[in-house]
Each structure stands twice: as C-alpha cells, then as structure tokens.
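Listed here are the chains, written in short residue letters.
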Amino acid sequence: DSSVTGVQTCALPILSQTKITTLPASTFFFSGIEEIKLPLTLKEIGAQAFLGTSKLRTIEIPENVKIIGIEAFRESGITIAKLPNGIITLEGRAFYHCPELTEVLTYGSVVSDTPDAIIKACCFEGCPQLTRFEIPQSIRILGQGLLGGNRKVTQLTIPANVTQINFSAFNNTSIREVKVEGTTPPQVLERVWYGFPDDITIIRVPAESVDKYKNANGWKDYTNKIATS
C-alpha cells in the first residue's frame, strides 16, 4: 500500500521502515507525538497531517517529498523544520501559527525543474520566534504574506530559480537585508507591489543586473536600496 491511515503513536518506530509514498490528510491530527522519522520513500504530506501536534519539536522532510499539504503543520510545536531543496509545493498555511518555530532550513540537491514550484500564501505567518528562514532552491514562486507579522527574520536570500514574488510577500516583516541571486528580476504582477518593508536597508543583486532591477516593475520602487552583491 502506498499510503497509511490510522497510524497510532505506538507505530511510530516502524513508520520510517515502511515504503509509503503518501502520508494522508489528518494522519497525526492533534495527536501527542513527540518525535517522528519519516520514510525515505515519502513524496507527499497530506493536508493537516500534523495539525495541532503541540509536542512535536523537530521535523526533517525526506528528500523525495515534493508536496506539503495545506495546514500540514499548523499549530504544531516544532522548533526546527528542514525542507528538501527539491520540493515543488508548500500549500497555503503549511506552517501557520507555529509558536515555537525558530529555524526553517534547507538541505539536499535540487532534483526538480518545475516552472510553477511554489510556496503558497501565509505559509509561515504567525511564527513569532522564527529567526532564520531559508527558501528551497527549487522554488519559482513566492506567495503572498509568507512571513506575515514576523519581527525576528532580518536577512533573506532569494534563490536564483525564483521567477515571481507575489503581493506583500515580505512587507509585514522586519527584513532589512535581502540578497537576490537571480540575474533576471523576479516578476511582479501587481501595480503596487509592497514586496518588502519600507525601511529595508539594502537589496543586493548580481553586479551585471543592477540596472535591470532598478528599472523593473516593483523593484524600481526600491531603486535607492539596490546595490551589487
């Protein structure tokens, strides 16, 4: 069977030894699990799979996982989340209101070239302790309000594969320094973007692309903050 249902806490030690590819929706919904090791065969984590798991502290998403469902870790107790660089979809509010989350880290090689790979809206909104936020290298689109209300992430790197940044993706934050690795400015669809806070201090871009950024829609609103990386 490529999925698992009704997994109980007592079964956790053997879950990592299975060959499941999908963790169904609500699998550990409001359960008391404190730790878990997911199988390497896993490709998808279903909606609300870990919703309300207040005792869970750390989660390493296996490198083959491509999809994390809507509200998969909402209101969980995790402090560190490790995401693979080949992931293609983080659905909306995947890590919404995780009060103890301090670090979102990435690892592994980029094994995906999906043009619409996306982190959807409000994925990390309501994570007041978050101080380090890394974006997976495979991601192409950054959704609206990703870090809404966060005041501890002050530096951000936007990987070279990112081609689109949606309305107010990082506006309601305390980000002060941004490094954008792409030589082509990520697309801005809105007429008024509000991509970053007004008091951002610097946006570093590749030296050969400074003029492109200073003249690109949205980015030109931050002309006096754009400099070479």
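Structure report, in brief. (Residues numbered from 1 in each chain as written. Predicted model: local features only at pLDDT ≥ 70, side-chain atom pairs only at ≥ 80, totals over all residues. Heavy atoms only, no water.)

Here the focus is the overall build of the protein. Helices and strands together make up the secondary structure of the protein, namely two helices and 15 strands. Taken over the C-alpha trace, the protein has a radius of gyration of 18 Å; the compact-globule value for 229 residues is 17 Å, and the two agree within 12%. Overall, the C-alpha framework of the protein stretches about 60 × 30 × 25 Å when taken along its three principal axes. Within the protein, buried positions represent 48% of all 229 residues. Within the protein, residue pairs in contact and separated by at least 24 positions form 40% of the contacts whose partners lie at least 6 positions apart. Here the protein has roughly 10400 Å² of accessible surface; of this, 47% comes from carbon and sulfur atoms. (Helix = DSSP H or I, 4+ residues; strand = E, 2+ residues; numbered from the N terminus. Rg over C-alpha atoms; globule rule 2.2 N^0.38 Å. Buried < 20%, exposed > 50% of the residue type's maximum accessible area, 1.4 Å probe, protein only. Contact = heavy atoms within 4.5 Å. Areas by Shrake-Rupley, 256 points an atom, 1.4 Å probe, with all protein chains shown as cover.)

Here we take up the sheet that holds strand 14 (residues 202-205). Pairing in this open sheet of four strands is parallel, and the strands run 11-13-14-15 from one edge to the other. At either margin of the open sheet sits one strand with a lone partner, and together these are strand 11 (155-158) and strand 15 (226-228). Across the sheet, the axes of successive neighbouring strands diverge by a mean angle of 25°, strand direction being ignored. Two elements, strand 11 and strand 13 (residues 177-180), share four bridges in a ladder whose sense is parallel. Looking across to strand 13, one finds that L156 is bridged to V178. (Pairing = 2+ DSSP bridges. Axes fitted to C-alpha atoms, helices over the stretch in contact; angles between N-to-C directions.)

So, on to the packing of aromatic side chains. According to the stated counting rule, one finds 14 aromatic pairs in the structure shown. For the ring pair F29 and F30, a centre distance of 4.8 Å and an interplane angle of 75° mean the geometry is edge-to-face. F29 gets classed as partly exposed once you look at its relative accessible area, which sits at 38%. Ring plane angle 55° and centroid distance 5.0 Å describe the contact between W193 and W219, whose orientation is recorded as tilted. (Phe/Tyr/Trp six-rings, centres within 6.5 Å; stacked < 30°, edge-to-face > 60°.)

Neighbouring strands of a sheet are bound in pairs by backbone hydrogen bonds; such pairs are parallel or else antiparallel. Judged by pairing direction, the sheet is parallel, and its four strands sit side by side in the order 3-5-7-9 without closing on themselves. Edge positions in the sheet fall to strand 3 (58-60) and strand 9 (132-133), since each has one partner strand and no second. Pairing of strand 7 (residues 103-107) with strand 9 involves two bridges; the strand directions are parallel. Across the sheet, the residue bridging to E103 is R132, located in strand 9.

Moving on to unusual backbone geometry. Most peptide bonds are trans, and most residues other than glycine sit at a negative phi. With phi around 55°, E71 is a residue other than glycine that occupies positive phi space. Structurally, E71 is set in the loop between strand 4 (67-68) and strand 5 (80-84). The backbone of C122 sits at a positive phi, close to 60°, despite the residue not being glycine.

Here is a general trend for soluble globular proteins: nonpolar side chains tend to be buried in one another's company. Grouped together as the largest cluster of nonpolar side chains are 63 residues, with contacts concentrated most on F50, I68, F95 and F124. For this core, the elements supplying multiple residues, two or more each, are strand 5, strand 11, strand 13, strand 14 and helix 2 (210-215). For I68, the contacting residues outside a window of four places in its chain are I45, I61, F73, L83, I87, T89, L90, E91, A94 and F95. (Core = buried A, V, L, I, M, F, W, Y, C linked by side-chain atoms within 4.5 Å.)

Moving on to the pairing of strand 7. Note: strand 5 against strand 7, five bridges, orientation parallel. Within strand 7, the position partnered with P84 by the bridge is Y107.

Before going further, it helps to spend a moment on the environment of W193. With respect to the helices, strands and loops of the structure, W193 is situated in the loop between strand 13 and strand 14. Considering only alpha carbons, one finds W193 and K214, 21 residues apart in sequence, at a separation of 14 Å. When near neighbours in sequence (up to four residues on either side) are disregarded, W193 contacts I165, N166, F167, S168, V188, G218, W219 and Y222. A distance of 3.2 Å separates a polar atom in the side chain of W193 from the backbone oxygen of I165. One polar contact links the side chain of W193 to the main-chain carbonyl oxygen of N166, over a distance of 3.5 Å. (Polar contact = N/O pair within 3.5 Å; in protein donor to acceptor, adjacent residues only side chain to side chain.)

Summarising the element assignment, S112 is placed in the loop between strand 7 and strand 8 (118-119). In contact with S112, not counting residues within four places along its chain, are K66, G86, I88 and S138.

Turning next to the pattern of salt bridges. Opposite charge on two side chains lets them pair, provided their charged atoms get close. With the rule as written, the count across this model stands at seven salt bridges. In this structure, the salt-bridge partner of E71 is R74, at a minimum N-O distance of 2.7 Å. Classification of E71 as buried rests on a relative accessible area of 9%. Residue classification places R74 among the partly exposed residues on the basis of a relative accessible area of 21%. Residue D199 pairs with R176 through a salt bridge whose shortest N-O separation is 3.0 Å. One end of the pair, D199, is in the loop between strand 13 and strand 14; the other, R176, is in the loop between strand 12 (164-165) and strand 13, and 23 residues separate them in sequence. Residue classification places D199 among the partly exposed positions, given a relative accessible area of 42%. Salt bridges sharing partners connect three or more residues here, namely E71, R74, E75 and R93. (Salt bridge = Lys/Arg side-chain N within 4 Å of Asp/Glu carboxyl O.)

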